[in-house]
Amino acid sequence: MQEIELKFLVPEARLKGLMRQAKVKSSQTTQMAAHYYDTPDQQLAQAGIGLRIRKEGDTWVQTIKAGGDGLAARLEHNATLDPEHVQAMLANNALMPDLSIYKDTAIAPALASFKLKKLTKNLTQLYITDVERTTRLLVEDNDEGADNQLEMAYDYGEIVHGNDDALRDRIQEIEFELVSGDIDFLFTTAKVWCKRYKLCLSTITKAERGGLLITGQAHNPAVTAATQLSHIDNHTSMPAFVRAAVHHCLLHMLPNSSAIVSGRYDNAHVLQLAIGITRLHAALQAFASFSDEINPDWSPILEQTQALLSDYQHLTHLASTVEPHLQQYGAPAIEWAADIDAMKVRPMDAVCANDFQLTLLELIAFAMSDPALEPHADKSAKDALTAVLLKQQKAFLQAEERLQHKIHPCLDGAESEESATDDTKKNGGAQDTQESQQALLALNQQVTTLYHVHEFAAPFLKKGHKKKKVKKKLKRQRKHLLKAKQALSHYDDAMRYGQHYQQKSATETPALFGAGWFAATLKTQYKPLQKRLAKVKKSLISI
């Protein structure tokens, strides 16, 4: 069967209030000890499969979880075991799962790549969990007779290494699982609890955490974006397409945001989450007309979070990479640790922010909702994508033209500092620089959006044109867009780093070396950037 559930981490400050709602007269508390199995090299975990035997009160249950949509749904199979057989295995210290029970079940395809007899021989207990679970049934009061029910389960306990019980990891999380009825009830209820107790979404399973414990890793690696959308074809409707795009972006974002809210992350998670948000925002903006269910309030929250993450990522990258690089060329050492410590909003603060967490919940609900209920359900995404692509091309041309009018002359060496008039220096220089930066940012965003439109539409663009010339031109345009996007990103980075060093020079004069370095970098990068943009302009086509 398929389970649909949402899991959250519980902040310590909100735990007492949450427990008052969890432990009511109708709730039940069960002590559960679970034994998790895999091969020594974790072949099941690598295939996204979790296998356990758990004692739930007086009952022993074997459970396997696999597949799913990566958001809130997973395949799950539970089998109650013969207590006498379990006790016999325990007496011999040989408690092991029976894989033969999955032969004719919905879980069988997930195990198809394994030779079950060989897999069974290689299975070993890697870790156990010792958890006190408090459950409560939540039933919706409604006048329509719908049987909407959820099980709320609060887990508190530990994951323990199978061979060294001194190695432990704490568990403190709450889950909401749809028992029956409409999935909307799951999201509506989860939003209420999330808002009230400042809960944070987590896609990291107990099995994943156990795997980290036995390998001694601090966190999972950051997740990068998949290459292109899946499960779409020429018959995909507009509402279905935009849901596929949002789903695609969430698969990139959620593992990274989950690592950050857990406090176990590195700068790669911050970077990848920021990239994921950028991709999602581009999709929501470009395909806004594809669905009436897109909430316009999502975009500003996503933009704010992305900006906070990028500010942190840029400063930490400056300290860890840029500063040592400059010192190799004789730059005086500049200390940035205090600047990083002084940042008011850290990645964990930005991602744990209730507005962002609620937005993630709404986006998951949107991605899992039925596109067939929308007014545009009979309209093909393939036809609409052509119009979107042409619209984004036009917007790129406008943004590029604005940059040409606003870019400060000194950036391309067309006007030296000596030839600029005093009036320009005193009155217009700062304003020109600010306007050019704004124009550059707008162009950067537009090139990024146009590139991601290509990225999302790639399955259609590859198949949608019989003429080989058009296909080649589209492929060439994507290549030039990628190079222009990279060039703009490098240019924007140089501008940001130069600003950091310039501001630092107000209190530390040696920072002027870095400010001068990046001022020179901007001049050298400007003409190559212009060439990249010209190639994009030349590659634009009518479809």
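In what follows, the structure referred to is the one given above.
Everything quoted here is computed from the prediction, not taken from an experiment. (Residues numbered from 1 in each chain as written. Predicted model: local features only at pLDDT ≥ 70, side-chain atom pairs only at ≥ 80, totals over all residues. Heavy atoms only, no water.)

Asker: Outline the environment of P109, listing residues and values.
Answerer: In this fold, P109 is placed in the loop between α3 (83–91) and α4 (116–122). A C-alpha to C-alpha distance of 36 Å links P109 and K471, two positions 362 residues apart in sequence. (Helix = DSSP H or I, 4+ residues; strand = E, 2+ residues; numbered from the N terminus.)

Asker: I'd like a rundown of helix α5 (residues 183–197), residues and numbers included.
Answerer: Over its 15 residues, α5 extends 21 Å from the first C-alpha to the last, a length consistent with the 21 Å expected when each residue adds 1.5 Å. Turning to α5, its buried residues are I183, F185, L186, F187, T189, A190, W193, C194 and Y197. Backbone nitrogen of D184 and a side-chain oxygen of the N-cap are separated by 3.0 Å at the start of α5; the cap is D182. Phi turns positive one or two residues past the end of α5, at K198, with a value near 55 degrees. (Expected span 1.5 Å × (residues − 1). Buried < 20%, exposed > 50% of the residue type's maximum accessible area, 1.4 Å probe, protein only. Polar contact = N/O pair within 3.5 Å; in protein donor to acceptor, adjacent residues only side chain to side chain.)

Asker: Explain the side chain of D169 residue by residue, including any values.
Answerer: Relative to the helices and strands, D169 is located in strand β8 (residues 168–180). A polar contact is formed between the side chain of D169 and the side chain of R264, at a distance of 2.5 Å. The contacts of D169, once residues within four sequence positions are left out, are G157, E158, I159, R209, L213 and R264. (Contact = heavy atoms within 4.5 Å.)

Asker: Outline helix α8 (residues 267–286), supporting the account with residue identities and numerical values.
Answerer: Taking 1.5 Å of rise per residue, the 20 residues of α8 would be expected to cover 28 Å, and the 29 Å separating its terminal C-alpha atoms lies within 8% of that figure. Most of α8 is tucked away: 14 of the 20 residues are buried. With a side-chain oxygen lying 3.0 Å from the backbone nitrogen of A268, the N-terminal cap of α8 falls on D266.

Asker: Can you lay out a nonpolar patch on the surface for me, pointing to particular residues and giving the numbers?
Answerer: A contiguous nonpolar patch, built from L137, V139 and V179 and spanning about 260 Å² of accessible area, is present on the exposed surface. Within the element layout of this structure, L137 appears in strand β6 (residues 124–139). (Patch = residues over 30% accessible without salt bridge, like charges linked within 9 Å, V, L, I, M, F, W, Y side chains within 5 Å. Areas by Shrake-Rupley, 256 points an atom, 1.4 Å probe, with all protein chains shown as cover. Salt bridge = Lys/Arg side-chain N within 4 Å of Asp/Glu carboxyl O.)

Asker: Please provide a residue-by-residue account of the environment of A245, values included.
Answerer: Along the chain, A245 falls in helix α7 (residues 238–262). Residue A245 is classed as buried on the basis of its relative accessible area, which comes to 0%. Between the alpha carbons of A245 and A91 there is a distance of 52 Å; along the sequence they are 154 residues apart. The residues contacting A245, other than those within four sequence positions of it, are L229, A283 and F456.

Asker: Go over the environment of L251, please, and point to the residues and values.
Answerer: Along the chain, L251 turns up in helix α7. By relative accessible area, which is 37% here, L251 ends up partly exposed. For the pair L251 and A365, spaced 114 residues apart in sequence, the C-alpha separation works out to 14 Å. With residues near it in sequence (within four places) discarded, L251 still touches D69, G70, L71 and V223.

Asker: Got a sec to walk through a negative patch on the surface? Specific residues and values, please.
Answerer: A surface patch of negative charge is lined by E140, D141, D182 and D184. In this structure, D141 sits in the loop between β6 and β7 (149–161). (Lys, Arg positive; Asp, Glu negative; His and termini not counted. Charge placed at Lys NZ, Arg CZ, Asp CG, Glu CD.)

Asker: Give me the lowdown on the pairing of strand β5 (residues 73–80), citing residues and values where you can.
Answerer: The pairing of strand β1 (residues 2–9) with β5 spans three bridges and is classified as antiparallel. Residue pairing for β5: E3 is matched across the bridge by R74. Direction of pairing for strand β4 (residues 59–66) relative to β5: antiparallel, over a ladder of six bridges. Residue A66 lies in a different strand from β5, and its bridge partner there is L75. Taken together, β4 and the strand that follows it, β5, pair antiparallel across an intervening segment of six residues, in which G67 is found at a positive phi of about 60 degrees. (Pairing = 2+ DSSP bridges.)

Asker: Talk me through a positive patch on the surface; I want residue IDs and the actual numbers.
Answerer: The grouping of K469, K472, K473, K475, R476, K479, K483, K527, K531, R532, K535 and K538 at the surface amounts to a positive patch. For the positive patch, the leading source of residues is helix α15 (residues 468–504), giving seven residues. Summarising the element assignment, R532 is placed in helix α16 (residues 512–539). Under the relative-accessibility criterion, R532 is labelled partly exposed at 30%.

Asker: Account for the packing of aromatic side chains, with residues named and values stated.
Answerer: Applying the stated rule across the entire model yields 15 aromatic pairs. Seen in terms of ring centroids, W298 and F366 are 5.7 Å apart; in terms of plane orientation they differ by 65 degrees. Their pairing is edge-to-face. In this pair, W298 is assigned in helix α9 (residues 298–328) and F366 in helix α12 (residues 354–368), connecting sequence segments 68 residues apart. The pair formed by W298 and F366 is uniform in burial state, with each residue classed as buried. (Phe/Tyr/Trp six-rings, centres within 6.5 Å; stacked < 30°, edge-to-face > 60°.)

Asker: Outline the pairing of β7, listing residues and values.
Answerer: Along any regular strand the residues' side chains alternate between the sheet's two faces. For β7, the buried fraction is high: ten of the 13 residues fall into the buried class. Relative to β8, β7 is paired through twelve bridges, and the arrangement is antiparallel. From the neighbouring strand, Y154 faces β8, where its bridge partner is I174. Where β7 folds back onto β8 in an antiparallel hairpin, the turn is made up of six residues.

Shape is all these values report; function is a separate question.
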